[in-house]
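The primary structure of each chain is shown beneath.
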Amino acid sequence: MPFGDHALRRLALSWLLLALHAGGAGAADLAGGPMAGPATATRVGVWLMTDAPAQVQLEYWPQGQPDTVRRSAPVAAGPERGHTARVDLDGLQAATRYAYRVLLDGNPVELGEPPAFTTAPADPAAPRELLIATGSCNYVPDPPYVLTPDSFGAGFEIFDTVAARRPDLMLWLGDSIYYRDDDFAPADQAAARMDRRWVATRGFAPMQRLLRTGQHVAIWDDHDYGPDNSNRDFALKATALALFRDYWANPGYGLPDAPGIFTRVPLGDVELFLLDDRYHRDDDAGADPGRTMLGAQQLEWLKGALRDSRATFKLVANGSRMLSDRPSPDARGGEGWHNFPRERQAFLDWLATERIDGVFFVSGDIHYTHLTERERPGTYPLTELTCSPLTSRVHPRPFPVREVPGTLVTQRNFCTLEFAGPAGARLLRIAAWNAAGTRLWEKEIPAARLRTP
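Chemist: Which residues make up the packing of helix H6 (residues 296-308) against helix H7 (residues 341-353), and what are the values?
Modeler: One can describe the packing of H6 onto H7 by two numbers: an axis separation of 12 Å at closest approach and a directional angle of 20°. Considering the angle they form, H6 stands roughly parallel to H7. Considering only the axes of H6 and H7, their crossing is right-handed. Within the contact between the two elements, H6 uses Leu299, Leu302, Lys303, Leu306 and Arg307 and H7 uses Glu343, Phe347, Trp350 and Leu351. For the contact of H6 with H7, a count of residues per class yields six nonpolar, no polar and three charged.

So, in structure tokens, the structure goes:
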């Protein structure tokens, strides 16, 4: 159903009540989440946000066994980090479904059905039934959320539609918030303004059911990093990185000597390789043939991680497209790795030489969805799913290159990647869905198709 005037009035009222509560005395309340990060076999981190300082704890138990409830150590949610908190739960059982509830200053928060997550198998290479939902480009308007036919952000029912599919993991592909230009000025207020943008977006009422469903992991693109098309020259990139870490529960962020958001997420015989396409990026329109999108250290990390991985499916996730090309010699075709041809070709040559199996690319950014396929002589073709937008405006003039016929989507949408089948016969099923939950297309890729002959 459309996100109509009645819902908008209710949402505006909820924001007014939240502001009144935050400004006065009283107990802290939950303002966003809880949201579980990716779980290992024994551990998970859970993020949440309150509207005032609070001591946060979680009670958790294997689903169906509430008499075995355990309680986490308390964690402070204070103003220095936007009243956000991450609670780490350790000593979990592998391949187990856990339910949990939130305590603020010892008082339970009523959420209806308790949120839940499933831990990974004990064997890190074990096949598992796994459903990943994914999407990019989530624009939340400013209060009081009055929408017009020209609103850049709309269609917020999509979040409940995604949640209804009960994904094990939601992979956010960048532009999960949209900084505005006035968030960066004046300079002495920029950090606080950027933080408020996160608070407003993460506390957005239509997102809460999805945040509480399954587990979540994220990368960024330009709009949740800095201004439009921003790169390594963005003066506030260290602030942007600190805020990104405050509002997600990813398992890692870059390397000690190479800041960023890149990390690995093992999920049984599926592994995610999350890339940072902004922190070390040169200008897409630069003249230096040696310009880079990923930076030398991140690129070497990626090669080592792919070489080391034993996963059947290796999902390389990036904000910008990786396999698409310019639509013509004279048209740059937007941002993407095609604007860094020397770096990309060297990596693709390495991938073929090293005979890395199971690689599949995932990206967002461009406000339309499609599959891209790139043939490679002597080995398997490379495929990329570009999925966009969730709630932002759809691109008025899409220009897909190397598009797989029948996969172009020019409406707000999300995608799913479903992994199924026994060891030796694993299958990846990809689908695109509109905001109402209608399947727009579906493609299947057997794991055997992603192997070097």
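That shown, we press on.
Chemist: For the sheet that holds strand E15 (residues 313-318), give the residues involved together with the corresponding values.
Modeler: The strand order across the open sheet built from six strands is E13-E14-E15-E16-E18-E17, with neighbouring strands paired in mixed fashion. With partners counted over all chains shown, the strands left at the sheet margins are strand E13 (263-267) and strand E17 (370-374), one partner each. This sheet shows a mean twist of 20° between the axes of neighbouring strands, independent of strand direction. Here strand E14 (residues 270-274) pairs with E15 via five bridges, running parallel. Among the inter-strand pairings, leucine 272 is bridged to a residue of E15, identified as leucine 315. Across the face of the sheet, H7 comes into contact with strand E16 (359-363), E17 and strand E18 (382-386) while running at roughly 150° to E16.

Chemist: Kindly report on the packing of helix H3 (residues 190-202) against helix H5 (residues 237-247), identifying the contributing residues and their values.
Modeler: Running from amino to carboxyl end, H3 crosses H5 at an angle of 30°, the nearest separation of the two axes being 10 Å. When the interaxial angle is binned, H3 and H5 end up roughly parallel. At the point where H3 passes H5, the crossing takes the right-handed sense. Here Ala191, Met194, Asp195, Trp198, Val199 and Arg202 of H3 come into contact with H5, specifically with Thr239, Ala240, Leu243, Phe244 and Tyr247. In the contact of H3 with H5, the residues fall into eight nonpolar, one polar and two charged.

Chemist: Give a detailed account of the pattern of salt bridges, specifying residues and quantitative values.
Modeler: Side chains that differ in charge, positive against negative, can pair when their charged atoms come close. Scanning all chains against the criterion turns up 29 salt bridges. Between glutamate 59 and arginine 71 there is a salt bridge, with its nearest N and O atoms 2.7 Å apart. Placement of glutamate 59 in strand E3 (residues 54-62) and of arginine 71 in strand E4 (residues 70-71) is noted, with a sequence separation of twelve residues between them. Judged by relative accessible area, which is 10%, glutamate 59 ranks as buried. In this structure, arginine 278 and glutamate 335 form a salt bridge, with 2.8 Å as the shortest nitrogen-oxygen distance. Taken as a pair, arginine 278 in the loop between E14 and H6 and glutamate 335 in the loop between E15 and H7 lie far apart in primary sequence, 57 residues in all. Given a relative accessible area of 0%, arginine 278 falls into the buried group. Where salt bridges share partners, they join Asp221, Asp277, Arg278, Arg281, Asp284 and Glu335 into one cluster.

Rules used throughout
Residues numbered from 1 in each chain as written. Predicted model: local features only at pLDDT ≥ 70, side-chain atom pairs only at ≥ 80, totals over all residues. Heavy atoms only, no water. Axes fitted to C-alpha atoms, helices over the stretch in contact; angles between N-to-C directions. Helix = DSSP H or I, 4+ residues; strand = E, 2+ residues; numbered from the N terminus. Parallel < 35°, antiparallel > 145°, perpendicular 65-115°, else oblique. Left-handed = near helix turned anticlockwise from the far one by under 90°. Contact = heavy atoms within 4.5 Å. Nonpolar A, V, L, I, M, F, W, Y, C, P; charged D, E, K, R; others polar. Pairing = 2+ DSSP bridges. Salt bridge = Lys/Arg side-chain N within 4 Å of Asp/Glu carboxyl O. Buried < 20%, exposed > 50% of the residue type's maximum accessible area, 1.4 Å probe, protein only.

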